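Listed here are the chains, written in short residue letters.
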Amino acid sequence: MTLDMYQENILDHHRNPRNKGHIDHPDFAAKERNPLCGDEIEVFVTLDAEKKVSEVKFEGQGCAISQAAISMLTDELKGKTLDEVERMTAEDIKEMVVVPLSPVRLKCALLSLMTVHKGLAHYKMNLLTERAAAPEGAEAHAHAAHPSSK
Amino acid sequence: MATTTLSKVEQIRADFPTLKRTFHGKPVVFLDSGASSMKPFAVIQAEADFYTNNYANVHRGIYQLSEEATDKFEAARDALAKFIGARHSKELIFTRGTTESLNTLAYSLGDQLSPGDEVISTVMEHHSNIVPWQLLGQRRRTVLKHIGVDDEGFLKMDELDKLVTDRTKIITVTHVSNVLGTINPVKEIAKVAHDHGAVCIVDGAQSTPHMPVDVKALGCDFFAFSGHKMCGPTGIGGLWGREELLEKMPPFLGGGDMIREVHLQESKWNVLPYKFEAGTPNIAGAIGLGAAVHYLNGVGMEWVAHHDEELVAYGLKRLSEMKGARVLGPKDPKKHAGVLSFWLDFAHPHDIAQIMDNEAVCVRAGHHCAMPVNERFGVPATTRASVYLYNNKDDIDRMLAAIEQVRRLFA
């Protein structure tokens, strides 16, 4: 049963990770670690004019499940709105990886979404503080100046 | 000669019911005794028998059941004290295990230290011999220093001479590393401690189950260990300390059993070991541990140590011949107790352990509650196979065969 975990889709993403690399000026980025096993993921996200995910890259090291999951997720995220990204759940990750995961290994797979959600939460928090800091009526200006709005 | 050894292992295996299980149609290979060992029938039956026939609280009742329970409980203490070479049973305190024993010391002994006093430990400790001393530092502003580890996994003993000062009050080291398998020169360390007026604490969690232990010969002042790693039940273990030191120390937990007199504003403590055993103890656990000691004595600890060494020698040899494998710890099996932690350059420990699970091979993957030593060797995690009296060469071979499966899948 446990070997079902290492089906071709997982091994393929593990051997040939999609979107591996770094983005110099992402709209948001985050790094997460699973201290228990040392899995590590850093994710970089760029948004387009409509605030949809346009580009995603990741760096990381760890077990096949954690690295295959983030590789798959980077493809999944492209074209999604921030709301859609925020609404993604563990169930979506389970569907995405297809293979059956034990409770312990599910954590490896979920590190991908946790990292993305962490970056998104920081991004939204920063937007809120920027808005709060900006004087009345200056919001549109501040927005236009944001690199991602170009 | 080889056949007698084999038949002895086969006899031992028959005593452990869980080893009869199969997974995915394959008989289980249990190589995680470093985390917790399997239990022989004798231990399971001792607990069941006590609960079935003699159960009552200890040290209280006038009635016969309570006397029987007390007799069994104290007989277990006597057996355990003798097992580790204690002079008196009253020097042997029942605790929940190594972690509680070390925390008891960090409070009872540690809280008497002054700001600036030093505790020296090592880089290869289990978290249970790191965190209590960090917490002590927060309470008492004591200084925590560490002896380094060389590339082969031995303590850098020359560093100890430089670290130790007149402010050093405690030197606390593991007897055997749960990641590297290194057997530390405890006697030598205890001597350095005593030369500087400090006490020496030994974490015996990984040594007590695997080799003859004599606290007198080790020369240490305190010795902590767990029952569940030595065929005993969970939730029971021991703290041994020199009588004269234990006498001077304040109690750690307060409550019933640890007092002689209680008044509204002050109390008088009970005698050793009860001063350190507040509340109803894990009576059944202690009796189960007594049965484990009896079982191990029957097998013979010299035999267990020799058997472990043979398996480690075999595993070390085979793993070191394997392409892409790196084994941590001493190369000489005589200096390397029953754990084999390794890194394969083609797969992550989690994936290795998962694929081994498919072969019914139980190994541990992770940092083994010793993150600093993993960092020291530049690995985020390792795969660890730990052997015990019921393992045989076939178990090691099944693990090695599983590694080849991992290689086929990942390399």
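Look above for the structure.
Residues numbered from 1 in each chain as written. Chains lettered and ligands numbered in written order. Predicted model: local features only at pLDDT ≥ 70, side-chain atom pairs only at ≥ 80, totals over all residues. Heavy atoms only, no water.

*Asks:* Before we move on, can you summarise the overall build of chain B with the specific residues and values?
*Replies:* What chain B contains, in helices and strands, is 14 helices and 17 strands. Structurally, chain B occupies a C-alpha span of about 70 × 55 × 35 Å along its principal axes. Considering chain B as a whole, with its 411 residues, one finds that 57% of them fall into the buried category. Long-range contacts, defined here as pairs at least 24 residues apart, represent 72% of the contacts in chain B between residues at least 6 apart. With the model as given, the accessible surface of chain B reaches about 16600 Å², and the carbon-plus-sulfur share is 54%. (Helix = DSSP H or I, 4+ residues; strand = E, 2+ residues; numbered from the N terminus. Buried < 20%, exposed > 50% of the residue type's maximum accessible area, 1.4 Å probe, protein only. Contact = heavy atoms within 4.5 Å. Areas by Shrake-Rupley, 256 points an atom, 1.4 Å probe, with all protein chains shown as cover.)

*Asks:* Tell me about the nonpolar core, residues and numbers included.
*Replies:* The biggest cluster of nonpolar side chains holds 77 residues, and the ones touching the most others in it are F16(B), F223(B), M230(B), L389(B) and Y390(B). It is helix α10 (residues 283-299) of chain B that contributes the most residues to this core, eleven residues altogether. Beyond its immediate sequence surroundings of up to four residues, F16(B) is in contact with M38(B), K39(B), P40(B), C231(B), Y295(B), L389(B) and Y390(B). Residues V99(A), Y314(B), A402(B) and V406(B) belong to the second largest nonpolar core, which totals 67 residues. (Core = buried A, V, L, I, M, F, W, Y, C linked by side-chain atoms within 4.5 Å.)

*Asks:* Describe helix α2 (residues 41-54) of chain B, with residues and values.
*Replies:* Residue and element names in this part refer to chain B. Here α2 contains 14 residues, and its C-alpha end-to-end distance of 19 Å stays within 8% of the 20 Å for a straight helix at 1.5 Å per residue. Looking at α2, one finds that the buried residues are V43, A46, F50 and N54. The buried residues of α2 occupy one face: seen down the axis, they fall within an arc of 65°. Tucked inside the fold, the buried residues of α2 contact α3 (64-83) and α10. (Expected span 1.5 Å × (residues − 1). Arc of directions from axis to C-beta.)

*Asks:* Please set out the sheet that holds strand β3 (residues 53-61) of chain A residue by residue, giving values where relevant.
*Replies:* All names here are of chain A. Strands sit in the order β1-β2-β3 across an open sheet of three strands; the sheet is antiparallel. Of all the strands in the sheet, just β1 (28-34) and β3 have a single pairing partner and so form its edges. Across this sheet, the average inter-strand angle for adjacent strands is 15°, counted without regard to direction. Contacts between helix α2 (residues 64-77) and the sheet are confined to β2 (39-47) and β3, with β3 contributing the most and set at about 170° to the helix. (Pairing = 2+ DSSP bridges. Axes fitted to C-alpha atoms, helices over the stretch in contact; angles between N-to-C directions.)

*Asks:* Describe the side chain of D203(B), naming the residues involved and giving the relevant values.
*Replies:* Residues and elements named next belong to chain B. Of note, D203 is situated in strand β8 (residues 199-203). Summary of buried charges: D203 has no salt-bridge partner, and the nearest side chain of opposite charge, K229, is 8.2 Å away. At a separation of 2.9 Å, a polar atom in the side chain of D203 contacts the main-chain amide nitrogen of A205. Beyond its immediate sequence surroundings of up to four residues, D203 is in contact with T98, L102, H126, S128, N129, V173, T174, H175, V176 and A224. (Lys, Arg positive; Asp, Glu negative; His and termini not counted. Salt bridge = Lys/Arg side-chain N within 4 Å of Asp/Glu carboxyl O. Polar contact = N/O pair within 3.5 Å; in protein donor to acceptor, adjacent residues only side chain to side chain.)

*Asks:* Before we move on, can you summarise the sheet that holds strand β13 (residues 325-327) of chain B with the specific residues and values?
*Replies:* All names here are of chain B. Here we have four strands laid out as an open sheet, ordered β13-β14-β17-β16, and antiparallel in their pairing. At either end of the open sheet lies a strand with only one pairing partner, and these are β13 and β16 (364-366). Taken pair by pair, the neighbouring strands of this sheet meet at an average axis angle of 30°, ignoring direction. Sheet topology note: the strand β14 (residues 339-344)/strand β17 (residues 382-386) ladder contains four bridges and is antiparallel.

*Asks:* Before we move on, could you go through the pattern of salt bridges and cite the residues and values that matter?
*Replies:* Taken as a whole and judged by the stated rule, the model has 29 salt bridges over all chains. The partner of E50(A) in a salt bridge is K52(A), with the nearest N and O atoms 3.8 Å apart. The partner of D117(B) in a salt bridge is R167(B), and the shortest N-O contact between them spans 2.9 Å. Of this pair, D117(B) sits in the loop between α4 (98-108) and β5 (118-122) while R167(B) is found in the loop between α6 (157-163) and β7 (168-174), placing the two residues 50 residues apart along the sequence. Since its relative accessible area comes to 5%, D117(B) is described here as buried. Salt bridges here are not isolated pairs; linked through shared partners, they connect E74(B), R77(B) and E277(B).

*Asks:* Run through the interface of chain A and chain B, naming residues and quoting values.
*Replies:* On the chain B side, the residues contacting the 20 residues of chain A number 16 residues. With both sides pooled, the region where chain A packs onto chain B buries about 1500 Å², and carbon together with sulfur makes up 57% of that total. Joining chain A to chain B, the criterion identifies one salt bridge. The partner of R105(A) in a salt bridge is D351(B), with the nearest N and O atoms 3.0 Å apart. (Buried area = accessible area lost by both parts, 1.4 Å probe.)

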